[in-house]
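Architecture at a glance
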Amino acid sequence: MADLTCEAPRSATSGHVPVGEGAVTEVRVEQAALDHGVVMAFARHGELLLMAYDPRDIAESAALVLLRERCALAGAVRVVHRTDV
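Residues numbered from 1 in each chain as written. Predicted model: local features only at pLDDT ≥ 70, side-chain atom pairs only at ≥ 80, totals over all residues. Heavy atoms only, no water.

Next up on the list: the overall build of the chain. When its secondary structure is counted, the chain shows 1 helix and 5 strands. For the chain, the succession of helices and strands along the chain, N to C, is β-β-β-β-α-β. Buried residues in the chain amount to 31% of all 85 residues. Counting contacts in the chain only where the partners sit at least 6 residues apart, residues at least 24 apart contribute 51% of the total. Only carbon and sulfur atoms are counted for the fraction: they give 54% of the accessible area of the chain, which is about 5500 Å². (Helix = DSSP H or I, 4+ residues; strand = E, 2+ residues; numbered from the N terminus. Buried < 20%, exposed > 50% of the residue type's maximum accessible area, 1.4 Å probe, protein only. Contact = heavy atoms within 4.5 Å. Areas by Shrake-Rupley, 256 points an atom, 1.4 Å probe, with all protein chains shown as cover.)

Okay, here's the thing in structure tokens:
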């Protein structure tokens, strides 16, 4: 099981705290053959995120970066691969 920790700074002009700051979000990752043009899909269930990516179109690391941007994640992320569960 791999751990990926990234930080996202708070905005200097607001008190906005990104979603997940201070908490560890678990991301369950699996490879899947997704529809044409879809490189990554995800669903949020509280602090748990389920993510599938298509390795024909995108690397896992790039899919995780895209997930972080789409979900406004901040703080620690624990990556769990389907084979680890």
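The next subject is the pattern of salt bridges. Oppositely charged side chains can form a pair if their charged atoms are brought close together. What the rule picks out here adds up to 3 salt bridges. Here D54 and R56 are joined by a salt bridge, their closest N and O atoms 2.5 Å apart. Note on D54: relative accessible area 1%, which makes it buried. Residues participating in the shared-partner salt-bridge network are E26, R28 and R78. (Salt bridge = Lys/Arg side-chain N within 4 Å of Asp/Glu carboxyl O.)

Positionally, D54 belongs in the loop between β4 (48-53) and α1 (60-71). Of the polar contacts made by the side chain of D54, one reaches the side chain of R56; its length is 2.5 Å. (Polar contact = N/O pair within 3.5 Å; in protein donor to acceptor, adjacent residues only side chain to side chain.)

Okay, the nonpolar core next. Counting 15 residues, the largest nonpolar core has V27, V29, M51 and L67 as its most contacted members. Within the residue set of this core, elements represented by two or more residues are β2 (25-31), β4, α1 and β5 (75-81). It is α1 that provides the largest number of residues to this core, a total of 5 residues. Residues contacting V29, with those up to four places away along its chain left out, are M51, Y53, E60, L64, V79, V80, H81 and R82. (Core = buried A, V, L, I, M, F, W, Y, C linked by side-chain atoms within 4.5 Å.)

Right, let's talk about the side chain of E26 for a bit. Its place among the elements puts E26 in strand β2. Side-chain polar atoms of E26 contact the side chain of R28, separated by 2.7 Å. A distance of 2.7 Å separates the side chain of E26 from the side chain of R78, its partner in a polar contact. With sequence-adjacent residues up to four places away left out, E26 is seen in contact with E47, L48, L49, R78 and V80.

The terminal C-alpha atoms of α1, which comprises 12 residues, lie 16 Å apart, in line with the 16 Å expected from a rise of 1.5 Å per residue. Looking only at α1, the buried set comprises A63, L64, L66, L67, R68 and C71. (Expected span 1.5 Å × (residues − 1).)

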